[in-house]
Structure formats: C-alpha cells, structure tokens
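Report on the structure
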Amino acid sequence: MFELKIHDQLSLKMIEFQDAEPIYTLTEQNRMHLREWLPWVDYIKAESDTLNFIKSCLKGHADNSSLNTVILYRGDIVGMASFNQLNWSNRTASIGYWISEQAQGKGIMTDVSRTLTQYAFHHLNMNKVEIRAATENKKSQSIPIKLGFTKEGGIRQAEWLYDHYVDHVIYGMLASEWKSE
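The notes below deal with the structure included here. Every chain begins its residue count from 1, and numbering advances along the sequence as written. Reporting of local features is limited, given that this is a predicted model, to residues whose pLDDT is at least 70; pairs of side-chain atoms are given and counted only at 80 or more, and all residues count toward the totals for whole chains, interfaces and linings. With hydrogens and water set aside, each side-chain value is computed from the structure's full complement of heavy atoms.

Overview of the nonpolar core
- By size, the foremost hydrophobic cluster in this structure holds 35 residues, and its most contacted members are Ile71, Phe83, Ile108, Val112 and Phe149.
- Among the secondary structure elements, those contributing two or more residues to this core are β2 (10-14), β3 (67-73), β4 (76-87), β5 (92-99), α4 (108-122), β6 (128-134) and β8 (165-174).
- Put simply, DSSP marks the helices as runs of H or I at least four residues long and the strands as runs of E at least two long, and each gets a number from the N terminus on. Per-element tally for this core: the top contributor is α4, with 7 residues.
- In this description, contact between two residues means that some pair of their heavy atoms is separated by no more than 4.5 Å. With residues near it in sequence (within four places) discarded, Ile108 still touches Leu10, Ile71, Tyr73, Ile99 and Ala103. We call a set of buried Ala, Val, Leu, Ile, Met, Phe, Trp, Tyr and Cys residues a nonpolar core when their side-chain atoms join them within 4.5 Å. Note on exposure labels: buried denotes an accessible area under 20% of the residue type's maximum, exposed denotes more than 50%, and partly exposed covers the range between, all computed with a 1.4 Å probe on protein chains only.

Some points on the environment of Arg114
- Along the chain, Arg114 turns up in helix α4.
- For Arg114 and Pro144, which are 30 residues apart along the polypeptide, the C-alpha to C-alpha distance reads 8.8 Å.
- Each polar contact in these results corresponds to two N or O atoms within 3.5 Å; when the atoms are within protein, one needs to be able to donate a hydrogen and the other to accept it, and residues that are neighboring in sequence are counted only if both atoms are side-chain atoms. Of note is the side chain of Arg114, whose polar atom sits 2.9 Å from the side chain of Asp111.

Considering the packing of helix α1 (residues 20-29) against helix α3 (residues 47-62)
- The contact between α1 and α3 brings their axes to 9 Å, and the two run at 120°. In terms of orientation, α1 and α3 fall into the oblique class. Between α1 and α3 lies a crossing whose hand is right-handed. Residues Ala20, Glu21, Ile23 and Tyr24 of α1 pack against Glu47, Thr50, Leu51 and Ile54 of α3.
- For the contact of α1 with α3, the class distribution of residues is 5 nonpolar, 1 polar and 2 charged. Only the stretch in contact is used when fitting a helix axis, every axis being a line fitted to C-alpha atoms; angles between N-to-C directions are given from 0 to 180 degrees. Oblique is the label for any angle not under 35 degrees, not over 145, and not in the 65 to 115 range, which are roughly parallel, roughly antiparallel and roughly perpendicular in turn. For a crossing to be left-handed, the near helix must be turned anticlockwise from the far one by less than a right angle; the clockwise case is right-handed. Note on residue categories: nonpolar means Ala, Val, Leu, Ile, Met, Phe, Trp, Tyr, Cys or Pro, charged means Asp, Glu, Lys or Arg, and polar means any other residue, Gly included.

A short note on the packing of aromatic side chains
- Classification of ring pairs rests on two measures: the distance between centres of Phe, Tyr or Trp rings, Trp counted by its six-membered ring, which must be within 6.5 Å, and the angle between planes, read as stacked under 30 degrees, edge-to-face over 60 and tilted in between. A complete count under the given rule lists 4 aromatic pairs for this structure.
- Note on Phe121 and Trp178: the rings are 6.1 Å apart at their centroids and 55° apart in plane angle, and the pair reads as tilted. One end of the pair, Phe121, is in helix α4; the other, Trp178, is in the segment after β8, with 57 residues separating them in the sequence.
- In this structure Phe121 comes out as buried when scored by relative accessible area, which is 8%.
- Ring geometry for Trp160 and Tyr165: centres 4.8 Å apart, planes at 70°, overall edge-to-face.
- Exposure remark for Trp160: the relative accessible area of 45% places this residue in the partly exposed category.

Focus: the sheet that holds β4
- A strand pair is defined by DSSP finding two or more bridges across the two strands. Read across the open sheet, the 8 strands follow the order β1-β2-β3-β4-β5-β6-β8-β7; overall the sheet is mixed. A strand with exactly one partner marks an edge of an open sheet, and here the two such strands are β1 (3-7) and β7 (150-160). The sheet shows a mean angle of 25° between the axes of neighbouring strands, direction not considered.
- Where β3 meets β4, 7 bridges bridge the pair, whose relative direction is antiparallel. The residue bridging Val70 from the neighbouring strand is Met80, located in β4.

A closer look at the pattern of salt bridges
- Whenever Lys or Arg places a side-chain nitrogen within 4 Å of a carboxyl oxygen from Asp or Glu, that contact is recorded as a salt bridge. Counting across every chain of the model gives 10 salt bridges.
- Between Glu28 and Arg31 there is a salt bridge, with the nearest N and O atoms lying 2.3 Å from each other.
- For Glu28, a relative accessible area of 37% gives the class partly exposed.
- Of the charged contacts in the structure, one is a salt bridge between Lys59 and Asp63, with a shortest N-O distance of 2.7 Å.

Rendered as structure tokens:
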C-alpha cells in the first residue's frame with residue numbers, strides 16, 4: 001500500500017474502502033466550502049456515492065493512470081490529494097487537491113503538494129508536474145506559486161461549475177527546475 005510520511009503530524013495514504021465513511025462525513029461537514037470550486041460535491045449524496053468514487057480511484061491506480069490519497073493530519077482525514085492524471089508517454093503528472101475548511105491555513109496543502117511533486121520527479125521519473133485551478137480560486141493558486149511553479153497560461157471555460165463555466169490557470173514545474181529539499 002502507498003503511504004508517504006511528510007512529517008510527524010502529516011502523511012498521505014492511498015485511499016481505501018474503509019475511508020468511505022470519514023470522507024463522506026468530511027464532505028458533508030464542508031459541503032458549502034467545497035462546492036465553491038469543486039463540481040462533484042452535489043453528486044455525493046450518500047456514503048455509497050463515496051464508495052463508488054473510491055472504486056473508481058482504485059481502478060485508476062490499478063490501471064496506473066492516477067493515484068488518489070487521503071491526507072492524514074494528526075491521524076484524521078482532512079482532505080485528499082491526488083495525481084489526477086499520470087501520463088506515462090509524456091511523463092507528466094497532474095496534481096489535484098481539496099482540504100476541509102478547518103484544516104486550512106496550516107501549510108498542510110503546500111507540504112502535501114511539495115511532497116507529491118518530489119515523489120513525481122524522484123520516484124515516478126516524471127518530467128513535468130502541473131497544477132490547475134480556477135482563475136478566481138486564489139487560495140488554490142497560492143500553492144503552486146509558493147512552490148515556485150511557473151504560470152504557463154490559461155484555458156477559457158475549462159470547467160462547468162454547477163451553473164457557469166470557470167476559466168483555469170495552469171502552473172507547471174519541470175524536473176530540471178525542481179530544487180530538492
């Protein structure tokens with residue numbers, strides 16, 4: 001099983017079926033917070049929906065096309081971080097993430113994204129890591145900026161968010177640019 005310890009209080013572990021209840025509960029508790037930028041929230045209406053999501057995550061892992069992890073902070077699940085897409089032909093990885101409202105502001109997501117970027121370059125031998133965010137989602141954009149990613153451009157109307165399209169900004173980091181810590 002995939003597990004990465006980031007520091008004494010923070011780690012990532014591959015999502016498992018037994019995570020369904022805590023992830024569903026976290027989604028319920030943070031529904032309005034998450035709904036602002038994540039288009040999937042309204043589709044999660046019961047724990048069984050979370051189980052179906054986990055099934056698709058495990059299939060992606062088995063197909064070697066993605067890796068979905070839960071973020072453990074002080075032993076509790078506080079969000080998720082993933083390689084939403086692993087493109088082996090082009091050696092690129094795309095990171096996605098979300099975190100509960102109460103866990104924000106502690107540097108968790110910056111540490112998680114740094115660790116996933118490091119893992120992509122040093123263990124998966126990727127050449128590039130991308131992070132995409134809605135152009136108005138400044139909190140999400142602050143993470144690749146803190147990590148020194150390059151703002152590469154944008155995609156107009158990249159995502160349907162309930163009743164409107166949002167544009168995305170793309171940040172990228174090349175293996176040759178990454179400064180190991």
